[in-house]
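# Working through the structure, step by step
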4 protein chains.
Amino acid sequence: MAGNSIGKEFTVTTFGESHGKFVGVVVDGCPAGLPLSAKDFQEELDRRIPAEPKIVSARVEKDTAKVLSGVFNGFTTGAPIALMVENKETDSSDYEAIKDLPRPGHSDYPARIKYGGFNDYRGGGRFSGRVTVALIMAGTIAKKLLSRYDIDVFAYTQSLGKVKTDKQFSATEIRKNKNAAATRCPDLVCAEKMEEAIINARKEGDSLGGVIECIAFNMPVGIGEPLFDSLDADLAKAVFAIPAVKGVEFGAGFRAAELRGSENNDAFLLKNGKVVTSTEYSGGVLGGLSSGMPIMIRVAIKPTPSIAKEQKTVNLSSMENAALSVKGRHDPCVVPKAVPAIEAAVAITIADHLIRSGFIPKVLKEH
Amino acid sequence: MAGNSIGKEFTVTTFGESHGKFVGVVVDGCPAGLPLSAKDFQEELDRRIPAEPKIVSARVEKDTAKVLSGVFNGFTTGAPIALMVENKETDSSDYEAIKDLPRPGHSDYPARIKYGGFNDYRGGGRFSGRVTVALIMAGTIAKKLLSRYDIDVFAYTQSLGKVKTDKQFSATEIRKNKNAAATRCPDLVCAEKMEEAIINARKEGDSLGGVIECIAFNMPVGIGEPLFDSLDADLAKAVFAIPAVKGVEFGAGFRAAELRGSENNDAFLLKNGKVVTSTEYSGGVLGGLSSGMPIMIRVAIKPTPSIAKEQKTVNLSSMENAALSVKGRHDPCVVPKAVPAIEAAVAITIADHLIRSGFIPKVLKEH
Amino acid sequence: MAGNSIGKEFTVTTFGESHGKFVGVVVDGCPAGLPLSAKDFQEELDRRIPAEPKIVSARVEKDTAKVLSGVFNGFTTGAPIALMVENKETDSSDYEAIKDLPRPGHSDYPARIKYGGFNDYRGGGRFSGRVTVALIMAGTIAKKLLSRYDIDVFAYTQSLGKVKTDKQFSATEIRKNKNAAATRCPDLVCAEKMEEAIINARKEGDSLGGVIECIAFNMPVGIGEPLFDSLDADLAKAVFAIPAVKGVEFGAGFRAAELRGSENNDAFLLKNGKVVTSTEYSGGVLGGLSSGMPIMIRVAIKPTPSIAKEQKTVNLSSMENAALSVKGRHDPCVVPKAVPAIEAAVAITIADHLIRSGFIPKVLKEH
Amino acid sequence: MAGNSIGKEFTVTTFGESHGKFVGVVVDGCPAGLPLSAKDFQEELDRRIPAEPKIVSARVEKDTAKVLSGVFNGFTTGAPIALMVENKETDSSDYEAIKDLPRPGHSDYPARIKYGGFNDYRGGGRFSGRVTVALIMAGTIAKKLLSRYDIDVFAYTQSLGKVKTDKQFSATEIRKNKNAAATRCPDLVCAEKMEEAIINARKEGDSLGGVIECIAFNMPVGIGEPLFDSLDADLAKAVFAIPAVKGVEFGAGFRAAELRGSENNDAFLLKNGKVVTSTEYSGGVLGGLSSGMPIMIRVAIKPTPSIAKEQKTVNLSSMENAALSVKGRHDPCVVPKAVPAIEAAVAITIADHLIRSGFIPKVLKEH
């Protein structure tokens, strides 16, 4: 398989570029019998664009999903589901001017080399965060599938720049405040500080990164494969596919490296006749398999590379050192937009493994 | 593909269990014309077992690779290369006693559920670190392939428990001290402290984790694919396949989340007519493609879950709470053993992408 | 990968149903730098529908390809190329009436069982010959790619029912008469008899099958892999994906089973300094690799199962024996329509193998 | 995936060459809980070598399977099952002499070009029929799996050169005479004539081909996928992977091309409350899915290319025309040996699809 597909049974193939006409996705392997309509995608697509204009790019598109195939009489048929969204706001004028000036921190330079200059460089082209729209549409289907089995996947902003919430949230709390704050932090006091931080960074022609935590609640035990297709390996791969991700950890993650085994091991115990663990250092994954405890992933998002501040670069045409101040409509922080993308990547991976394991059948019974 | 294979063009399929008779690997897609013999594997296999008995498990096996296919007249033929190593030291007596007592932090519990009890539970079976022997053999081939193009992959122990080196090492320094310290830290002063830390943890019936940094030097520009098969996504997947890995980050990684764009962006500049970056926050990957700068990955390894200290668990047969003290021959710290495994995972992934991109051809010219 | 994709480097994923709104395809892995525009697809799409209304279904749609992604400034970019065609002529009224009456020779019955009744049964849904439109669009790209290397793929109708041409055609002859006859037989005398045969079968409420030969001219030597991904295995798989195909053979094919080795072996000889064979019994494939001689595939197409004549079937709702006369707009013979589909399947497979082998690079040089 | 693997859930990766030390296979994705031991493979391996020395190569090896992994306490564990067989009879002396003289009808010439001369050319190397030993071992596991669900796969010699049996055989008849005749034809009168034909061809320094029919009895309905992963496409691919196969057809196959729809359509009817068809022209596959009727595949095997009779070839070293008489130990007819290989290919493909569909679960219940 060429590189634009992921998943072995629930297979997601995306297409489209930032400034092309469409962004879309084909979901192959979705079981038959899942209720699905174009409306299902709207909430997730809307959620991608925080309502607060002060913290987002001026490129605000109302994205509407079009279902091209795979749904009949309101249910999935088992055939591939193709979805697409039109790119309406594609003002490419700013890009021509800087065509030869690769933006630091961006794919511009290696992409030009890789594709011999044939790549669509406008707005990052295929490498743009815009393509997460496709991921989010596929993720919507995955989430609907998981919710049938009471599995919920929630992500939220845990830190933004140096502002950080230390609270642990229950599924109910995250769900309740899912869209309450434009920064997607369910700790609303903290969320406000995050918003200020973004506004300040933008004023200074700069940008911010942050950390997103994603939790999958109510996972069955034993999902995943040893070694290569371990659940954590596949989750990490899917999450790293999202532009701007620079780190992924499960449970205690990098902190585990400083702990002793006696501290880091989660003891098993019985609770209401079910095997659970007393602590959650493992992040719900043991030996690549789900342990039955919530899966907890933390994801580091780098600050947006496109900034107004002047930066040093190289003119690839004249091969001379040059300076660059990125104009165009850029987000001062992509963390809020990345929240639903990470949920999507996680839900897609879990759906894939649940189908592989036989936990989710190929035909869903009426519900 | 079922889950025991990785790589699209340079495809690695592993087999074997901790207490089975053999551990092995089939490498498919290796270009024809690479000089290869059984001896090539010895150095890497030896390196897996630090020479210092105080810091390793009592299970010390001299592993010797047997080449089953794919090599003719001293060169790879283009046909699949099958390799295997015999498991000689397989005293399984300790495991029968604790068959129903899943070790905290281990795959025992989810594996039993996943396989309905049919899994080989002895020594962790298929989930054991022992299977990295297969990865290391495949990695040896990948490294030989890369070295033909002067690409070197080196890993070393950066921290062990709370002992940490802050030095940055050149390729030459890492190579020089590759095997100098049993803890695989090229900062030999620090290495000694690490050794002490392991010895102390062992005395207390406890274990330690650590952080390994892996660097790929001399990478060409533009290797990888956008999104799903991005170089970082595939590297992360391969590295997470190694047991005990709990976190992966590139370049500044989680630190990037706290930086501003103006700090985290690596400015481009010309050096000897070549485009390079002034800093290395990106870890050599931009938009999923190699930037031409060294690829830098940091990997968090958790403390070995098998410890002598008593822990709480559940008897899965009687379904009662229970206590467990893990006997058997366990490493008090798997970080040193993980060093060559991580190098292998990284080399395999890079080799795969170099073949996919056409950078490495299917037939190597005489050299 | 779920089942709607084919190809390892040049990967084709199709979507759409007979009576859905769209039929489409995503081509991933096409090298960057191939000139491509929507117009390129028109000739092939037109060719799918013979101009002679007497021999085709009343469902005559002017199909127009829409390029959704992957092309920039007139060249492929290396990103996935998504294409779609609208289904305009979808009168589904005839299907409701026979929803519970599976058509003999059709997928209706097993599809209903497989998908638990959720499948789109209208016009065969995902199983319809209509979906070859997607294959043909992907094939157009593959052919353009191959033609850059002077490799041509041509198919033609060799027999239709009991009418058969015994001529061997050169590339020039097939190309010249490619669209001359509605039945796609370059022997124009024979073509006329074939047309009559179809008209007669239709009058009697019946249908015809036939044999299509497909030849790939100017193949390089050594393309393919031993065993599983042998060129013939992959070609056969791609061709069998086309509805109505019941047999595939290479060169002498089933006739080879009756020959002796001394008759069937193609002797090697030098011709203008090049190794060629004196005969072409092998069909251009030796041990799964291309021999450098033209690849010759013969494909058996069954008679269209949808016929007006009354047939016996079972009412799947009442579970009683029943009778059925298929109404709706059906082709009395799908052989002419299958000709470009087979060319597409063959071109896609060859393009995939040429990219895998490195013969076609990932970035095309200006031409 | 590189080219030496097949199957998406039940994945078979083979390795080994004709004159290497071992031939082997890794079966990944076999459900846990299947009883399996080394003995299970013996019957199938023995069956590959007909007991009648007059009709086979002088290379008669008693092949014994060694189980390297994936079996514990007599059951499969869900981990990859690696198997290997030693090559004992590898007299390579005859090959050195003809190293530069490619045998007509063999892979020698394209293999040399493909691998730049690095390939193991001895006895055809990776392209030898010897590698079907690996396929047969994997097929043994697939058959054991299928037999748990009462699905039986039987192949037999239907024609050999010009000797042909016209009988249709029941599962019971084929099973009864499975090994009765060295030529693997259950019509024992015909079998004797086939034996004579082989003996005569050998005397004349020549060779014979033939046709093998393979039937899968008791298939469930709806197995397979539309289009690319249709059951017939995947079966054809697997069967074409076997050396010497030149044609594959299902049911009426090429004969269907001459029939009318009213003749070729299999009418549905109820029989004991089950939907069956009155005839079996479709070969048990409709629209790429199993219809529930027996799957019937006919496979054309070409005459062995290695013959004693002098043939024309080209000296690839001196690039001059040359003559060649193949010495060494060759089968005058590989049809009998191909019978279990085709059964294996068919059983592997069906097992893969039954697992993909969820019909066979990932953990088998005690039986």
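Up top you'll find the structure we're talking about.
Everything quoted here is computed from the prediction, not taken from an experiment.

Attention now moves to the sheet that holds strand β8 (residues 152-160) of chain B. If you trace the 10 strands from one edge of the open sheet to the other, you get β9(A)-β8(A)-β10(A)-β16(A)-β11(A)-β11(B)-β16(B)-β10(B)-β8(B)-β9(B), paired in antiparallel fashion. Only two strands of the sheet have a single partner each, and these edge strands are β9 (163-164) of chain A together with β9 (163-164) of chain B. Lying over the sheet, helix α7 (residues 231-240) of chain B contacts β11 (245-250) of chain A together with β11 (245-250) and β16 (295-301) of chain B, oriented at roughly 155 degrees with respect to β11(B).

Attention now moves to the interface of chain B and chain A. The interface of chain B with chain A comprises 103 residues on the first partner and 103 residues on the second. Area buried by chain B at its contact with chain A is led by B:F228, B:K246 and B:F268, which between them contribute 11% of it. The tally of links from chain B across to chain A stands at eight salt bridges. For A:K114, the salt bridge identified is with B:E225, shortest N-O distance 3.2 Å. Applying the counting criterion to the chain B and chain A interface returns 41 residue pairs in polar contact (both at pLDDT 80 or more). A class-by-class count of the residues in the side of chain B that touches chain A yields 50 nonpolar, 30 polar and 23 charged. Direction of pairing for β11(A) relative to β11(B): antiparallel, over a ladder of three bridges. Within the sheet, the bridge partner assigned to A:G247 lies in β11(B) and is B:E249.

Whenever strands of a sheet pair, they do so through backbone hydrogen bonds, lying parallel or antiparallel. Residue and element names in this part refer to chain C. Taking strand neighbours across the sheet as the criterion, the five strands line up as β1-β2-β3-β7-β4 in an open arrangement whose pairing is antiparallel. For this open sheet the edge positions go to β1 (5-6) and β4 (66-67), each flanked by a neighbour on one side alone. Strand direction decides the pairing type here: β1 and strand β2 (residues 11-16), joined by two bridges, are antiparallel. Residue pairing for β2: S5 is matched across the bridge by T13. Each of β2, β3 (22-28) and β7 (81-86) touches helix α4 (residues 132-147); the most contacted strand, β3, lies at about 35 degrees to it.

Here the focus is the packing of helix α4 (residues 132-147) of chain A against helix α9 (residues 335-356) of chain A. All names here are of chain A. It is at 7 Å that the axes of α4 and α9 come closest, and there the two elements cross at 50 degrees. The orientation of α4 with respect to α9, classified from their angle, is oblique. Seen along the crossing, α4 lies across α9 with a hand that is left-handed. Every residue of α9 that contacts α4 at T132, L135, I136, A138, G139, A142, K143, L145 and L146 is listed here: P340, A341, E343, A344, A345, A347, I348, I350, A351, L354 and I355. Class assignment of the residues belonging to the contact of α4 with α9 gives a composition of 16 nonpolar, two polar and two charged.

As enumerated under the stated definition, the model contains 34 aromatic pairs over all chains in all. Geometrically, the ring pair formed by B:F75 and D:F118 is tilted, given 5.3 Å between the ring centres and 45 degrees between the ring planes. Residue B:F75 is found in strand β6 (residues 75-76), and its partner D:F118 is found in the loop between α3 (108-114) and α4 (132-147); the two belong to separate chains. According to the relative accessible area criterion, D:F118 is buried, its value standing at 10%.

Procedures and definitions
Residues numbered from 1 in each chain as written. Chains lettered and ligands numbered in written order. Predicted model: local features only at pLDDT ≥ 70, side-chain atom pairs only at ≥ 80, totals over all residues. Heavy atoms only, no water. Pairing = 2+ DSSP bridges. Helix = DSSP H or I, 4+ residues; strand = E, 2+ residues; numbered from the N terminus. Contact = heavy atoms within 4.5 Å. Axes fitted to C-alpha atoms, helices over the stretch in contact; angles between N-to-C directions. Buried area = accessible area lost by both parts, 1.4 Å probe. Salt bridge = Lys/Arg side-chain N within 4 Å of Asp/Glu carboxyl O. Polar contact = N/O pair within 3.5 Å; in protein donor to acceptor, adjacent residues only side chain to side chain. Nonpolar A, V, L, I, M, F, W, Y, C, P; charged D, E, K, R; others polar. Parallel < 35°, antiparallel > 145°, perpendicular 65-115°, else oblique. Left-handed = near helix turned anticlockwise from the far one by under 90°. Phe/Tyr/Trp six-rings, centres within 6.5 Å; stacked < 30°, edge-to-face > 60°. Buried < 20%, exposed > 50% of the residue type's maximum accessible area, 1.4 Å probe, protein only.

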